[in-house]
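What follows is each chain in one-letter form.
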Amino acid sequence: MYTLYDKLWNQHLVHTESNDADSMALLYIDRHLIHEVTSPQAFESLKLAGRKPWRVNSILAVADHNVPTTGRNQGINDPVSRLQVDTLDENCEELGITEFKMHDMRQGIVHVIGPEQGATLPGMTVVCGDSHTSTHGAFGCLAFGIGTSEVEHVLATQCLLAKKSRTMRIVVEGKLGLGVTAKDIALAVIGKIGTAGGTGYAIEFAGSAIQSLSMEGRMTLCNMAIEAGARAGMVAVDDTTIEYIKGRPFAPQGDLWDRAVAYWRTLHSDADAEFDKSITLNAAEIRPQVTWGTSPEMVTTIDGCVPDPANVADQIKRHDMEQALKYMDLQPNTPIQSIMLDKIFIGSCTNSRIEDLRAAAEVIRDRHIAPTIKLALVVPGSGLVKQQAEKEGLDKIFVAAGFEWREPGCSMCLAMNDDRLSRGERCASTSNRNFEGRQGPGGRTHLVSPAMAAAAAVEGHFVDVSKFGIS
Amino acid sequence: MEKFQTFTGVVAPLDRANVDTDAIIPKQFLKSIKRTGFGQNLFDEWRYLDHGEPGMDVSQRQLNPDFILNLPRYQSASILLARDNFGCGSSREHAPWALQDYGFKVIIAPSFADIFFNNCFKIGLLPIVLEVKFLDQLFREVNQTEGYALTVNLQDQVLIKSTGEHIPFTVDTFRKHCLLNGLDDIGLTLQHAEKIKAYEQKRREQQPWLFV
Ligand code: SF4
């Protein structure tokens, strides 16, 4: 009668003040991932208070937000970015924390490398000073983003003060249509429940459509749980999960592997478990999604049009839509397929894994980006993803089609390095946030799947990828 | 952390839903390795007409005369009224740091994003959840009255209007205790160090693969 979330919660409970569901609990943290932007202040305070990390081997660090995606051997140009990356290096060296440095083949976006290394395992609590930590929930673990003060708290105590969330199950049943991916499920869910729909909840994704997703797809989905307001998203452990983990560097081996697998097999919601809220979607009805506004809930399908605020009764909502359309420079009722693009970005912790790159490459193979596209970027999620893609010849397909093939990092997902949109530029992006200025001040972001981004690159405007002869 | 004391402050209205942390403090300012100095870049994209970068002298920049916080009547505001899902988006604690550094002590909204809500308490900024009907009324009154102020009494969990009218609010007991006493919650957690060690030992036996 327990949900997966209940099981994970109970397993990690160190202390509670009372049995009251609303009281603060002390949760033990198994894996602490760290990056350069949200950790420096935590390390500084830790030192000032004369404290040391509680368990150094629970920590894995990597610089991803600020690192350049070209000319890496010349180092980081921007002195402020460089200082942040150097500070991470120094802190890790001083405290003996494992870090994949910028020139390490294993370096990449923190949410890509954790699973890739097997550092994210089922049944763990995983935290990181980054909201997209929800990604790791794909492995049947409890994973969520924390703020800098909490990073310090976990460093110092290996625990976190937390309140139990309510539970929500999102069931997607059936078979996805041609060209419809985990990204489209994620956007369709957010379109349905809204960006605050999951606030206060931990979401479990279930149903036959979810079970047939690869681990990459499940990660894409859980990654976007935070965009639905839920701190944590998760998927139960099954053969796909265990298959993925087997043989990864940080994964258990031999005897321990068998013991671990036996435990992992229990990580699913019991058949009679009750959720505070349940939502069901029919996979066959989900169409490729494109956002038109400045929040991921402002989304429609590739066959749709930009909505008209005049049809919205709620005054605050209408006002938000008007503001979004003004920022996006879009007119109500414009068909999505007629929206012309300036730039294409394939990357981010949502969609930069090998499967994402394969899907995009399939679309652009033997084709070329439209002459109106000023820049099309592919930024692999990690050095190892990049290496694998190159082994498969995907880099050549991208480059022949007019894409730039870059070094791994967050890149134009949030434009903290040099990859960004200029004012007024419009981008089809595989990232997770279309907030104002996210990809560069005045830049306009439309969120889509990798295959949809690749198709848009070819046509210069949005187009239904299922018409591209994909498998 | 400073103790949270009862105070009376000017209220500023930000009548937008889904105000995200990228809007509260744009990412170019996250490159700092400090906790302070973010206030001058709070809402940077909305507040200034030019594009801001770290290290710029903000006194030389052109303010957006239409942005609400730039109106003279809200200059000394320490209480912010907001709408649904305030603080959504990234986990950056720089957002509450920026609000606090600017001078805000309290944010009032019908709902907050979870991580942002948590982060506020950690630094002594108080997020208050109020029902929409109370907020609508506050928005109306603030717009109508220049210099509109509220008294925030955390001990008794009430907002007090200048007319004497009380609006009660709820707050988690533990968090209230920490705010009122300015407590460092790492210190509090470390009081349970023995329990943490015992737990760890048990897990080490049951799931040794987590500790290699
Ligand atoms: S890729 Fe984007 S969303 Fe993911 S961690 Fe980096 S900046 Fe955050």
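For clarity, every value in this text was computed on a predicted model and none was experimentally measured.

Q: Could you clarify how one ought to interpret the domain arrangement of chain A in this entry?
A: When the parts come together, some accessible area is lost, and that loss is often what is quoted as the size of the interface. Residue and element names in this part refer to chain A. For chain A, the assigned domains are domain 1 (4–279) and domain 2 (288–468). For domain 1 and domain 2, the distance between their C-alpha centres works out to 25 Å. With 45 residues of domain 1 at the interface, the matching set in domain 2 holds 44 residues. Here domain 1 is connected to domain 2 by one salt bridge. Across the pair R433 and E227 runs a salt bridge, and its minimum N-O distance is 3.0 Å. Summed over the shared surface of domain 1 and domain 2, the result is 25 residue pairs in polar contact (both at pLDDT 80 or more). Residue classes in the side of domain 1 that touches domain 2 are distributed as 15 nonpolar, 22 polar and eight charged.

Q: Can you help me understand the sheet that holds strand β6 (residues 158–161) of chain B in this one?
A: Across a sheet, strands are paired by hydrogen bonds formed along the backbone, either parallel or antiparallel in direction. Residue and element names in this part refer to chain B. With respect to topology, seven strands assemble into an open sheet ordered β4-β3-β2-β1-β5-β6-β7, the strand pairing being mixed. Every interior strand has two partners, whereas the edge strands, β4 (126–129) and β7 (166–168), have only one. Neighbour-to-neighbour, the strand axes of this sheet turn through a mean angle of 30°, independent of strand direction. Summarising the sheet, strand β2 (residues 79–81) and strand β3 (residues 106–109) pair through three bridges and their orientation is parallel. For L80, the partnering residue across the bridge sits in β3 and is I107.

Q: Just to check I follow, could you spell out the site of the ligand for this structure?
A: All names here are of chain A. Near the ligand you find H65, I109, H111, D130, H132, S348, C349, C410, C413, L414, N432 and R438, and these make up its full shell. Counted by class, the shell around the ligand contains five nonpolar, five polar and two charged residues. Counting contributing residues per domain, the shell around the ligand is built from domain 1 (4–279) and domain 2 (288–468), each supplying no fewer than three.

Q: Is there a simple way to explain the interface of chain A and chain B in this structure?
A: Listed as interface residues are 80 residues of chain A and, on the opposing side, 58 residues of chain B. Together chain A and chain B conceal approximately 5,800 Å² of surface at their shared face, both sides included; 56% is due to carbon and sulfur atoms. Counting the contacts that link chain A with chain B gives nine salt bridges. Among the ionic pairs, D78 of chain A bridges to K31 of chain B, the shortest N-O distance being 2.6 Å. Scanning the region where chain A abuts chain B turns up 35 residue pairs in polar contact (both at pLDDT 80 or more).

Q: Please clarify how the domain arrangement of chain B should be interpreted in this entry.
A: When the domains of chain B are assigned, the result is domain 1 (6–181) and domain 2 (184–212). For domain 1 of chain B versus domain 2 of chain B, the distance between C-alpha centres works out to 36 Å.

Q: Please explain helix α12 (residues 354–364) of chain A as it appears in this structure.
A: An α-helical turn contains 3.6 residues, so any two residues separated by three or four positions project in the same direction. Restricting attention to buried positions, one finds in α12 of chain A the residues I354, D356, L357, A360, A361, V363 and I364 of chain A. A positive backbone phi angle near 60° is found at D366 of chain A, which sits one or two residues after α12 of chain A.

Q: Where do I start with the environment of R218 of chain A in this structure?
A: Residue and element names in this part refer to chain A. Mapped onto the elements, R218 comes out in helix α8 (residues 215–223). Between the C-alpha atom of R218 and that of D356, which follows or precedes it by 138 residues, the distance is 12 Å. If we ignore the near neighbours within four places in the chain, the residues touching R218 are A138, I210, Q211, L213, V235, A236, D238, T240 and T241. Within polar-contact distance, the side chain of R218 engages the side chain of D238 at 2.8 Å.

Q: Explain the packing of aromatic side chains to me, please; I cannot follow it from the model alone.
A: Aromatic ring pairs are described here by two measures, namely the spacing of the ring centres and the angle between the planes. Counted according to the given criterion, the structure contains 19 aromatic pairs over all chains. Note on F398 of chain A and W405 of chain A: the rings are 5.9 Å apart at their centroids and 15° apart in plane angle, and the pair reads as stacked. Aromatic pair F86 of chain B and F112 of chain B: ring centres 6.3 Å apart, planes at 85°, arrangement edge-to-face. Taken as a pair, F86 of chain B in the loop between β2 and α3 (94–102) and F112 of chain B in the loop between β3 and α4 (114–123) lie far apart in primary sequence, 26 residues in all. One exposure class covers both F86 of chain B and F112 of chain B, and it is buried. Taken together, the ring pairs connect F86, F112, F116, F117 and F121 of chain B into an aromatic cluster. Between the NZ or CZ atom of R166 of chain A and the centre of the ring of Y201 of chain A, over which it lies, the distance is 4.5 Å.

Q: Is there a simple way to think about the UniProt feature "domain: Aconitase A/isopropylmalate dehydratase small subunit swivel" (unreviewed entry) in chain B in this case?
A: Here the UniProt-annotated "domain: Aconitase A/isopropylmalate dehydratase small subunit swivel" (unreviewed entry) positions come out as residues 1–130 of chain B. The distance separating the terminal C-alpha atoms of residues 1–130 of chain B is 25 Å; by composition the span is 21% helix and 14% strand.

Q: Is there a simple way to explain the UniProt feature "binding site: [4Fe-4S] cluster" (unreviewed entry) in chain A in this structure?
A: Residue and element names in this part refer to chain A. Per the UniProt entry, the sites bearing "binding site: [4Fe-4S] cluster" (unreviewed entry) are C349, C410 and C413 in this numbering. Sequence-wise these annotated residues cover 65 residues; spatially they are packed, their C-alpha atoms never more than 8.6 Å apart. Relative to the helices and strands, C349 is located in the loop between β15 (343–346) and α12. Taking the relative accessible area as the measure of exposure, C349 reaches 7% and is therefore buried. Beyond its immediate chain neighbours, meaning those up to four positions away, C349 contacts I109, H111, V112, H132, N223 and N432. Tracing the sequence through the fold places C410 in the loop between β17 (404–405) and β18 (426–429). Owing to a relative accessible area of 8%, C410 belongs among the buried residues under this scheme. For C410, the contacting residues outside a window of four places in its chain are D64, H65, I109 and F345.

Q: Even after reading the chapter, I still don't get the state of the cysteines, so can you show me in this structure?
A: By definition, a disulfide links the sulfur atoms of two cysteine residues through a covalent bond. All told, the structure shown has zero disulfides over all chains when counted by the stated rule. C128 of chain A takes part in no disulfide bond, and the closest cysteine sulfur to it belongs to C349 of chain A, at a distance of 9.7 Å. When its relative accessible area of 0% is taken as the criterion, C128 of chain A is described as buried. We note that C120 of chain B lacks a disulfide partner, and the nearest cysteine sulfur, in C88 of chain B, lies 13 Å from it.

Q: Any chance you could explain the pattern of salt bridges here in plain terms?
A: Any two side chains of opposite charge can pair, given that their charged atoms come close. Residues and elements named next belong to chain A. Considering all chains together, one arrives at 39 salt bridges over all chains under this definition. Residue R406 is joined to D419 by a salt bridge in which the shortest nitrogen-to-oxygen separation is 3.0 Å. A residue pair is termed long-range when its members are at least 10 positions apart, and R406 in the loop between β17 and β18 and D419 in the loop between β17 and β18 qualify at 13 residues. D419 shares its class with R406; the two are buried.

So, how was this worked out
Residues numbered from 1 in each chain as written. Chains lettered and ligands numbered in written order. Predicted model: local features only at pLDDT ≥ 70, side-chain atom pairs only at ≥ 80, totals over all residues. Heavy atoms only, no water. Domains from an automatic or database assignment. Contact = heavy atoms within 4.5 Å. Salt bridge = Lys/Arg side-chain N within 4 Å of Asp/Glu carboxyl O. Polar contact = N/O pair within 3.5 Å; in protein donor to acceptor, adjacent residues only side chain to side chain. Nonpolar A, V, L, I, M, F, W, Y, C, P; charged D, E, K, R; others polar. Pairing = 2+ DSSP bridges. Helix = DSSP H or I, 4+ residues; strand = E, 2+ residues; numbered from the N terminus. Axes fitted to C-alpha atoms, helices over the stretch in contact; angles between N-to-C directions. Near = heavy atom within 4 Å. Buried area = accessible area lost by both parts, 1.4 Å probe. Buried < 20%, exposed > 50% of the residue type's maximum accessible area, 1.4 Å probe, protein only. Phe/Tyr/Trp six-rings, centres within 6.5 Å; stacked < 30°, edge-to-face > 60°. Lys NZ or Arg CZ within 6 Å of the ring centre and 35° of its normal. UniProt positions renumbered as here; feature names shortened; annotations may be inferred. Disulfide = S-S within 2.5 Å.

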